[in-house]
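Residue strings, one per chain:
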Amino acid sequence: MDKEEKVGFEDNAAQPADGVRRGRRTSSRESNRKSSDDNKRERPESEWEEKIIQVRRVTKVVKGGKKLSFRAVVAVGNGKGQVGIGVGKAAEVISAIQKGVVDAKKSLISVPLVGTSIPHQIVGKQGSSRILLKPAAKGTGVIAGGAARAILELAGVGDVLSKSLGSRSPLNVARATVDGLKNLRTFEEAARLRGISIRQLFA
């Protein structure tokens, strides 16, 4: 009788008083991991794409010596005719990139597209940098390099020819590319400015 009573007591001790069987406790690290995974699933995918053009370490001379910081040049676009460029400075690279993204979204421009190319030839200028942009046939691709390629791809331009004619500073080349895209005109705008119809424009 004593053995049976002990066995029964052990079985009752194994189960909680409310009759519900509980699993093992999760650590704080696992709970944080689960919550972060849930947030990623709930967060909708943004249409904006970001590209880092350049990250440089810069110094500023102050009274006590030199102050080191980072400068990030970031381009933001949605691939549908909107693109912007921004510059961010901070003591850490990640903070500089985040500031650059915020700055780029403040300076978005709309790019008129004809299919996958641009309407006409144009030269963008910024400082001593100049870049030539020419429309190209379908299937040509983006013939550009460095900063210009990043800007054109984010703007949604699929076929274009480009050539850097001046300084090759990444920031100035990127700004020159944005300047060229900003000054593009559609055929309707050109006809309206001249006060003629589109048919007369092509006659």
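Residues numbered from 1 in each chain as written. Predicted model: local features only at pLDDT ≥ 70, side-chain atom pairs only at ≥ 80, totals over all residues. Heavy atoms only, no water.

1. Regarding the overall build of the protein chain
Here's step 1: Looking only at helices and strands, the protein chain has seven helices and eight strands in total.
Here's step 2: Per-residue burial for the protein chain yields a buried fraction of 30% across its 203 residues.
Here's step 3: In the protein chain, of all internal contacts separated by at least 6 residues, the share reaching a separation of at least 24 is 54%.
Here's step 4: Working note: accessible area of the protein chain is about 14100 Å², and carbon and sulfur atoms make up 49% of it. (Helix = DSSP H or I, 4+ residues; strand = E, 2+ residues; numbered from the N terminus. Buried < 20%, exposed > 50% of the residue type's maximum accessible area, 1.4 Å probe, protein only. Contact = heavy atoms within 4.5 Å. Areas by Shrake-Rupley, 256 points an atom, 1.4 Å probe, with all protein chains shown as cover.)

2. Observations regarding the nonpolar core
Here's step 1: Counting residues in hydrophobic clusters, the biggest one holds 29 residues, and the most contacted among them are Ile-53, Val-83, Ile-85, Ile-151, Leu-152 and Leu-181.
Here's step 2: Those elements that provide at least two residues to this core are strand 2 (65-77), strand 3 (82-90), strand 6 (129-135), helix 4 (147-155) and helix 5 (170-182).
Here's step 3: For this core, the element with the highest residue contribution is helix 4, accounting for seven residues.
Here's step 4: When neighbours within four sequence positions are excluded, Ile-53 is seen to be in contact with Val-73, Ala-75, Ile-85, Ala-147, Ala-150, Ile-151, Pro-170 and Ala-174.
Here's step 5: Judged by nonpolar contacts, the second largest core, of eight residues, contains Ala-72, Val-76, Ala-96 and Ile-97. (Core = buried A, V, L, I, M, F, W, Y, C linked by side-chain atoms within 4.5 Å.)

3. Quick look at the sheet that holds strand 4 (residues 109-110)
Here's step 1: Strands sit in the order 1-2-3-4 across an open sheet of four strands; the sheet is antiparallel. The sheet terminates laterally at strand 1 (49-62) and strand 4, the two strands that pair on one side only.
Here's step 2: In terms of strand pairing, strand 2 meets strand 3 through eight bridges, oriented antiparallel. Counterpart to Val-76 in the pairing with strand 3 is Gly-84.
Here's step 3: Along the sheet, helix 3 (residues 93-106) makes contact with strand 1, strand 2 and strand 3, crossing strand 3 at roughly 145°. (Pairing = 2+ DSSP bridges. Axes fitted to C-alpha atoms, helices over the stretch in contact; angles between N-to-C directions.)

4. Considering the pairing of strand 8 (residues 160-164)
Here's step 1: In terms of strand pairing, strand 6 meets strand 8 through five bridges, oriented antiparallel. Along strand 8, the bridge assignment pairs Leu-133 with Ser-162.
Here's step 2: Where strand 7 (residues 142-143) lies against strand 8, two bridges are found, and the strand directions are parallel. Bridging across to strand 8, Ile-143 finds its partner in Leu-161.

5. Let's talk about the sheet that holds strand 6
Here's step 1: Across the sheet, which stays open at both edges, the four strands sit in the order 5-6-8-7 with mixed pairing between neighbours. On the outer flanks of this sheet lie strand 5 (122-126) and strand 7, each paired with one strand and no other.
Here's step 2: In the packing of helix 5 onto the sheet, contacts are made with strand 5, strand 6 and strand 8, and the angle to strand 5 comes to roughly 135°.

6. Looking at the pattern of salt bridges
Here's step 1: Taken as a whole and assessed by the stated rule, the structure comprises two salt bridges.
Here's step 2: We note a salt bridge from Glu-153 to Lys-51, for which the minimum N-O separation is 2.4 Å. On the criterion of sequence distance, the pair formed by Glu-153 in helix 4 and Lys-51 in strand 1 is long-range, its members being 102 residues apart.
Here's step 3: The exposure class assigned to Glu-153 is partly exposed, which follows from its relative accessible area of 31%.
Here's step 4: Note that Arg-149 is salt-bridged to Glu-153, the shortest N-O span being 3.0 Å. (Salt bridge = Lys/Arg side-chain N within 4 Å of Asp/Glu carboxyl O.)

7. Regarding the packing of helix 4 against helix 5
Here's step 1: For the pair helix 4 and helix 5, interaxial distance at closest approach is 8 Å and the crossing angle is 35°. The interaxial crossing formed by helix 4 with helix 5 has right-handed handedness. Between helix 4 and helix 5, the residues in contact are Ala-147, Ala-148, Ile-151, Leu-152 and Ala-155 and Pro-170, Val-173, Ala-174, Thr-177, Val-178 and Leu-181, respectively.
Here's step 2: Here the contact of helix 4 with helix 5 is composed, by residue class, of ten nonpolar, one polar and no charged. (Left-handed = near helix turned anticlockwise from the far one by under 90°. Nonpolar A, V, L, I, M, F, W, Y, C, P; charged D, E, K, R; others polar.)

Read these as layout, nothing more, since geometry by itself doesn't imply function.
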